Every structure is written in C-alpha cells, then in structure tokens.
Amino acid sequence: MKFWQKIFVSMLLLFVVAFDVGALVLANSSYQFNLKRETDSALREQQTVLSSLQTSIENSQSVFPNIAENEERLQAIVTPLAEYYQQQEVFFSLYLNGKELYRNAPKASPELLALSEHQAVNILDHTDQEIRYLSIASQLPSFSQLTFVYTKSIQPLADYLKQIVSVFLLLNVIICPVLGMLIYWILHRMTRPIRQMQEASTAIANGAYNRRVSVKSSDEIGELASNFNQMAEQVSTQIEKLQATAEQKQSFINDLSHEMRTPMTAILGYSEYLQKAVNNEEERTLAAKNLHMAAKGLSNLSQKLMEMTMLSHIEIEKLPVTGAALLEQVAVLTRPSLETRHLFLILDADDTVLLGEEALLCSLLTNLVENAARASLSGGSIRMRCVTEEHPVLEVCDEGCGIPQEELARITEPFYRVDKARSRTHGGVGLGLALCKHIVTLHDASLSIQSVPAEGTTVRIDFTTSS
Amino acid sequence: MAQILIVEDDGAINDLIRLNLNLVGHTCLQAYDSDEAKALAEQNSIDLILLDVMIPKTDGFRLLEQRAFGDIPTILVTAKAQLSDRVQGLQLGADDYIVKPFEAMELLARVDAVLRRTKKSDTTFTIQDTVISLEEHTVLVGGQEVDLTNREFELLTVLLQNRNIALSREQLLDLAWGYDYYGDTRTVDVHIVKLRKKLHLETVIKTVYKLGYRLEWKV
C-alpha cells in the first residue's frame, strides 16, 4: 500500500468515526433532553388534572357520600374532562380497585397500574398502533382506591428521533464520498513531489544519472527534494569522474600496447633474423644494433612508466628551492647530451625561491631541456629562466623547429609525438611532457606552451599558488 | 625477383623488412615518410609496396584513398590490430594486411601471395643444373625430368619460398603436410634426404644445427 493511500484510508476512517460518534452523541442528548422536557410537562399536567379531578370528586362527596364507590358518578365527573383534553392528544383512564371505570386511552399494560405505595407515580413509555405514548399513573390523594392514568402522545418526539437518524444517515452517505474525494485530491497534490522523487530515484537507479526533480516548496519535502538533487548531482559527478578515469586508463593502455609493438616487432624480427637467416657480417651488425636500440627503447619506456606510476602515488613535500641552484643542477645533468649536439645552455636566474620538491623540479626541467635539445639544430642555444614576475616563473626557450599550432593542445597527452620518427631516433618514448604536466600539477602550478614553427618554442610554468 | 618499396618511418622496422625481403632475392627501396614514398614510386618501377599506416605527413589510409601509387599492389604493415582498421585498409584497396609484430615467414608468404596474384612472382628457379617450375609442377635435373611425389614437391616449394631462412622440422611438417597431419618429425628428415638425392641439391638444402633445414641459394 502506498504512503498516500495509507494516509487516505486512516484519515477517512478517523473522520467517519469521529463524525458518527459526535453526531450520535449530539442527537442522543438532544433527544434525551426533549424526552425529559416532555416527561416533566406531562407530570405537571397530570398533577393539575389529578388535583382538579380530586376537587371535583370531593365537591360531589357532599351530595354523594359514597362517591368513591359510585361508578356512574365517577364516570360522569371524568368524562367531560377527558373529552376536553382529548383534543390536545391527551387521554385519561380511571380505575377503581383495578377495574376500569373510564378509558379513552390505548390499553395500558398491567405494570403501569401496579403502584407500590399510595403516593407513588408510575411512568411508562409505550407504543400502541405505531403511535408512541407516555403514560403516568397515580392514585388520587384522598381516594386510594381510585387510580388515574394520564396518557399523552409523544409521537412528535419519536418522529424527531427518526428524522435525526435519517438526516444523519443521509449526511454519512453524502459527506463520506465528498470528503473522500477532497482528501484524495489534497493528498494527491501534497504527495506529488514524493512521487516525482520516487520516479527520479528509480530512473537514477537504472542509470539515468542526469535526472533531477523539480520541487519548489519550502517544506520538508522541498528540502528533501533539494537534498536529493544534491545527492544525484554528487553521484553523477562521481560517475562521470570514474568514467573519465576509466576511459583515460583504457586509452593509455591502448596507446601503451601500440607503443610497445614497434620495439617488440624489431626485437622479435631481428632475433629471428639473426638466428635463422643466411646473413653476412654487415647485416649481422645492423641487426644487432637495431635489436639493441629497440630493447633500449623498451627499457626507457618502462623506466618512464615507473616514474609516472610513482608520481601518481606520492604526496610531495614543498620546501624552498633556490632558483639559481636548481638551474645550475639541471645544467650539470644535461651538459653531456647537449655537448654531443653542440648546443649551448643559457641560464638566467634572479634570487627567486620556489616552493617545491627539488628532485621533481629538476626532473621537470631536465625533461624540458631534453625536449628543447631534440627540437634544436646543432649550434643553437637553449635558454632556461627562473624569475619572479607577479609570481615565480620557470621557463625553457629554444630556437628550434617549433610545434605546429594545431598540435599544441595534444602535446601533453601520453605517447603523443609531433614527429615520432625523429623523437624515437633520439630515444624519446613520448611520455616526457606527460610527466612534466604531472609534476606541474603536483606543485599546483600551470604549464603553458607557446610556439612558432621554425622560430622556437617557449615552455612556461607559473607557480601561481605558491609564494 | 620483384622490386619492393618499403614505407615505414621506424628505421629499425624498415631495415628488418628489407633484410628479410633480400633473403628471397627481392630488391628494396626504403622510404620514411609519404613524400619520399611518392617520389620513389614515381621514379622507379615498383612491383609491390609495403605501407605502414602511421607515417609522417600523409598517413597510409589517406595515401590509399588518394590512390597515390596508382595500380601498384599494396600490403599494409601496421601495429593497429583492430578488425575495423583491417577492414578499412582492405576496403581502401590494400591487397593484404600484416600486423606488427610479424614473423619473417608470414611477411614472405604474404608478399609472395600478392606477387603471385599479380603474376610478378617467380615460378621457375634454376639452381645449379636443377630447374624447378612451380607452376608446371616439374623438376628437371640436367635436362632430365625427375619424378617427385606430391609431398616431396610440397616440401620443395616451402623450402624455396622461404629460401635462406631456417625452418624447423615442425614448421616444415605444418607447412608441407598440413596442420592435421600427426606424423613424426623424422618423416621430414627422410623426405629431405630423398629430395637432396633426387635433385642433386646436397650442398643447397642444408641442415642447420639445432634448428632444422634451410635452402641456401641467392641469385
């Protein structure tokens, strides 16, 4: 059973019970009140009639001493009185020692006449021929052998009760469905946001991570909805992140396996050639040289991969690094390879102090200088700068072949090379700039590359957040 | 023998292909990017092109699309192993497809198959005084026809097609007898002995220590 249905049923039940009980109590008390009033007025009237009857009989006693036993006289006294009252729906009966002397009222039951003592009054509520009567019996005060019964029709009261009951039933029949519909409508409206959220959560559970609910109320449901949206937002961001990471990893693996194929082909091919083919000394030398190069390429690749893996798992400790000393260190490290290519390294450093891990910054600059060296022509120069502008800046500029504009965006992707044949002959594995980017990110710095083909390239690292 | 243009930007692989093709007597031209390849193809008469897909300047698929080499048969050599790449290459007009890393035997077999289709493959070999015609299925020794069993001829063909490369007894069994033949590798030895004797090729079909047999013969 749904939540709104539960509320609906319980509210309807509660209302119907409360309404019925209330109405019944009200009707009953009103009826009881009216009945009491009727009874009181009947008692008063009975007393009046009784006393007037008593007076008439006492008056007649002077003429007829034995009046209490004189049936005819008594009838003669009571008859005009009874006829007079009959018009007002009031009837009398008179009994002498239990024997009926006069009666225009419906026949009363014997218990009415069974009076316990002289001054007792018996009241009976009874029905005769579908008409309800109230009968009051008592003995005449001075003539205890005479019993007088006063009977009054209380049919209007009975009709009133019937009417109340039928109105009440009618109300039940009309109000319950109307009320039911109203409650249904209100509940349906009030629980709409819940249904929306339920639908949305089902959709999200089935993978539609972009589903949101639009609930614009300020109550708890509105709050719940906005929390729900926040949660969904979080989930979808996380999922997107995970997917992006997974895709990145997959494409990295694809690239890596592709990257490994070429040296593998060379290693397998040349080893097979050396082993099985008829070959001369010159051919053997070439095969061995290429075999060695391919193996070295693979070894370089695995080394760089190790570095990448290390970088993605470490937290760096940022310590002050003097710019000038850093550049000096990089110059020492790169000197051998630059000298073989007849390249000059120009250092330009002021007293800038960087915050970072020295070994990583050194590796970063070494990579950049080696890239610059690969792009440069023999006799060219490479400039390395460490200065403070608005913030500390590292820069490596060359006067080499430059990078075409359309390639700049992709150049930091793993295994992306502008000129792969050239890069491989110089021992590059295509991970250098990807590594650099990693190191830069670890330092909360930003890397930007500007290049003009045939004029040169400038790689700039801005340490915007570290001071 | 055919003249083959190798288009491959990686020097080591380019050399590897050249060395292997040289073994069976093909002459090779080497190009390292698309522009060089186009120039060489124009200046020389080329029988077959081995084309790497990922080469500098214009990639291999684009070259095929542009029909840069006219009607010269082309075999793609690439590290891209996905089915879609292979299908794309073949749809663009490549005659065959070799995926890196490849073995020398596979390379030679595919080159030979394409050359045979385009009728540029040699089918007659004259080794000393033995003349072998693969097409006519005949062998003449000193002008006299020699009777060879089908199996012996099969074996001779395999050795010839992979000349100057050592083949193991298992490889010979697979290639000449078929994969479903469950014979002893000594069967190969027996047949080799017979071939040497019948064709007077004792010095040409050599036993390579610990490897198998090799037909050594260069034009």
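Because the structure is predicted, anything quoted here is derived from the model rather than measured.

Trainee: Can you explain the overall build of chain B? Please cite residues and give values.
Mentor: In terms of regular secondary structure, chain B is built from eight helices and twelve strands. For chain B, the proportion of its 219 residues judged to be buried stands at 54%. In chain B, of all internal contacts separated by at least 6 residues, the share reaching a separation of at least 24 is 55%. If you sum the accessible surface of chain B, you get close to 10200 Å²; carbon and sulfur atoms cover 47% of it.

Trainee: Mind laying out the packing of helix 7 (residues 169–177) of chain B against helix 8 (residues 185–199) of chain B, listing which residues take part and the relevant values?
Mentor: Residues and elements named next belong to chain B. One way to put it is that helix 7 packs onto helix 8 with a least axis distance of 9 Å and a crossing angle of 80°. Considered as vectors, helix 7 and helix 8 are oriented roughly perpendicular to each other. On the side of helix 7, the interface is formed by Arg 169, Glu 170, Leu 172, Leu 173 and Trp 177, while helix 8 contributes Thr 185, Thr 187, Val 188, Asp 189 and His 191. The class makeup of the residues in the contact of helix 7 with helix 8 is four nonpolar, three polar and three charged.

Trainee: Would you mind going over unusual backbone geometry in detail, with residue names and values included?
Mentor: For residues that are not glycine, phi is negative in most cases, and the peptide bond is trans in most cases. A cis geometry characterises the amide bond from Lys 100 of chain B onward to Pro 101 of chain B, with omega recorded as -10°. Within the secondary structure, Pro 101 of chain B sits in the loop between strand 5 (96–99) and helix 5 (104–117). The phi dihedral of Glu 130 of chain A is positive, around 70°, even though this residue is not glycine. Among the secondary structure elements, Glu 130 of chain A is positioned in the loop between strand 3 (121–128) and strand 4 (131–139). Positive phi values are uncommon outside glycine, yet His 200 of chain B reaches one of about 55°. With respect to the helices, strands and loops of the structure, His 200 of chain B is situated in the loop between helix 8 and strand 11 (205–208).

Trainee: Talk me through the packing of aromatic side chains; I want residue IDs and the actual numbers.
Mentor: All names here are of chain A. This model, assessed by the stated rule, comprises ten aromatic pairs over all chains. The interplanar angle of 75° and the centroid separation of 5.1 Å between the aromatic rings of Trp 4 and Tyr 184 together place this pair among those described as edge-to-face. Of this pair, Trp 4 sits in helix 1 (residues 3–61) while Tyr 184 sits in helix 4 (residues 155–190), placing them 180 residues apart in sequence. On the basis of relative accessible area, Tyr 184 is assigned to the partly exposed category, the value being 36%. Ring-pair connections join several aromatic residues into one group, and the members of that group are Tyr 84, Tyr 85, Phe 92, Phe 148 and Tyr 150.

Trainee: Can you tell me about the pattern of salt bridges, naming the residues and giving the values?
Mentor: Within this structure, the stated rule accounts for 29 salt bridges over all chains. The salt bridge involving Glu 38 of chain A is made with Lys 152 of chain A; its shortest N-O contact spans 3.4 Å. Residue Glu 38 of chain A is found in helix 1, and its partner Lys 152 of chain A is found in strand 5 (residues 146–153); the two are separated by 114 residues along the sequence. Ionic pairing is found between Glu 152 of chain B and Lys 198 of chain B, a salt bridge with its closest N-O pair at 2.8 Å. With Glu 152 of chain B in helix 6 (residues 150–161) and Lys 198 of chain B in helix 8, this residue pair connects regions lying 46 residues apart in the sequence. Members of the salt-bridge network, linked through shared partners, are Asp 348, Arg 383, Arg 385, Glu 389, Glu 395, Arg 460 and Asp 462 of chain A.

Trainee: I'd like a rundown of helix 6 of chain B, residues and numbers included.
Mentor: Here helix 6 of chain B spans 16 Å end to end across twelve residues, near enough to the 16 Å set by a 1.5 Å rise per residue. Those residues of helix 6 of chain B that fall on the buried side of the exposure criterion are Glu 152, Phe 153, Leu 155, Leu 156, Thr 157, Val 158, Leu 159 and Leu 160 of chain B.

Trainee: Any details on the environment of Ser 236 of chain A? Residues and values, ideally.
Mentor: Residue and element names in this part refer to chain A. Mapped onto the elements, Ser 236 comes out in helix 6 (residues 220–276). Judged by relative accessible area, which is 3%, Ser 236 ranks as buried. Along the primary structure Ser 236 and Ala 208 are separated by 28 residues, whereas in three dimensions their C-alpha atoms are 9.0 Å apart. In this structure, Ser 236 is in contact with Tyr 209 and Arg 212, ignoring residues within four places of it in sequence.

Trainee: Requested: an account of the side chain of Asp 15 of chain B, with residues and values cited.
Mentor: The topology assignment puts Asp 15 of chain B in helix 1 (residues 11–23). A relative accessible area of 12% means that Asp 15 of chain B is categorised as buried. Excluding residues within four positions of it along the chain, Asp 15 of chain B makes contact with Tyr 270, Leu 286 and Asn 290 of chain A together with Gln 30 and Tyr 32 of chain B.

Trainee: Tell me what's going on with the packing of helix 1 of chain A against helix 4 of chain A, and back it up with residues and numbers.
Mentor: All names here are of chain A. Where helix 1 contacts helix 4, the axes come no closer than 10 Å and their chain directions differ by 160°. By the angle between their axes, helix 1 is roughly antiparallel relative to helix 4. Here the hand of the crossing between helix 1 and helix 4 comes out right-handed. Across the contact of helix 1 with helix 4, the residue classes tally to 25 nonpolar, four polar and two charged.

Trainee: How would you explain a nonpolar patch on the surface if you had to name every residue and give the values?
Mentor: Taken together, the side chains of Leu 170, Val 173, Ile 174, Val 178, Met 181, Leu 182, Tyr 184, Trp 185, Ile 186 and Met 190 of chain A define a hydrophobic patch exposed on the protein surface, amounting to about 1000 Å² of accessible area. Along the chain, the position of Trp 185 of chain A falls in helix 4.

Trainee: Account for the interface of chain A and chain B, naming residues and giving values.
Mentor: Each side of the interface is counted separately: chain A has 21 residues, and chain B has 29 residues. Between chain A and chain B, a total of about 2300 Å² is buried, with carbon and sulfur atoms accounting for 62% of that surface. Among the residues chain A hides against chain B, the three largest losses belong to Thr 265, Lys 276 and Val 278 of chain A. Together they make up 27% of the total. Linking chain A with chain B are zero salt bridges. The interface formed by chain A and chain B holds ten residue pairs in polar contact (both at pLDDT 80 or more) in total. Elements supplying a minimum of two residues to the side of chain A that touches chain B: helix 6, helix 7 (281–311) and helix 10 (420–425) of chain A. Tallied by class, the residues present in the side of chain A that touches chain B amount to nine nonpolar, six polar and six charged.

Trainee: Give me the sheet that holds strand 11 (residues 446–452) of chain A: which residues, what numbers.
Mentor: All names here are of chain A. Ordered by their spatial adjacency, five strands build an open sheet running 7-9-10-12-11, and the pairing between neighbours is mixed. Each edge of the sheet is formed by a strand with only one pairing partner; in this case those strands are strand 7 (344–349) and strand 11. Shown here is a sheet whose adjacent strand axes are inclined to one another by a mean of 10°, direction ignored. The pairing of strand 10 (residues 392–398) with strand 12 (residues 456–462) spans five bridges and is antiparallel. Bridge pairing in strand 12 links Leu 394 to Ile 461. Packed onto the sheet, helix 9 (residues 358–375) meets strand 7, strand 9 (381–388), strand 10 and strand 12 and runs at close to 25° relative to strand 10.

Trainee: Give me helix 11 (residues 432–442) of chain A: which residues, what numbers.
Mentor: All names here are of chain A. Burial in helix 11 covers these residues: Gly 432, Leu 433, Ala 434, Leu 435, Cys 436, Ile 439 and Val 440. Residues of helix 11 that are buried sit in contact with helix 7, helix 9, strand 11 and strand 12. Asp 444 lies just past helix 11 and shows a positive phi near 55°.

Calculation criteria
Residues numbered from 1 in each chain as written. Chains lettered and ligands numbered in written order. Predicted model: local features only at pLDDT ≥ 70, side-chain atom pairs only at ≥ 80, totals over all residues. Heavy atoms only, no water. Helix = DSSP H or I, 4+ residues; strand = E, 2+ residues; numbered from the N terminus. Buried < 20%, exposed > 50% of the residue type's maximum accessible area, 1.4 Å probe, protein only. Contact = heavy atoms within 4.5 Å. Areas by Shrake-Rupley, 256 points an atom, 1.4 Å probe, with all protein chains shown as cover. Axes fitted to C-alpha atoms, helices over the stretch in contact; angles between N-to-C directions. Parallel < 35°, antiparallel > 145°, perpendicular 65-115°, else oblique. Nonpolar A, V, L, I, M, F, W, Y, C, P; charged D, E, K, R; others polar. Phe/Tyr/Trp six-rings, centres within 6.5 Å; stacked < 30°, edge-to-face > 60°. Salt bridge = Lys/Arg side-chain N within 4 Å of Asp/Glu carboxyl O. Expected span 1.5 Å × (residues − 1). Left-handed = near helix turned anticlockwise from the far one by under 90°. Patch = residues over 30% accessible without salt bridge, like charges linked within 9 Å, V, L, I, M, F, W, Y side chains within 5 Å. Buried area = accessible area lost by both parts, 1.4 Å probe. Polar contact = N/O pair within 3.5 Å; in protein donor to acceptor, adjacent residues only side chain to side chain. Pairing = 2+ DSSP bridges.

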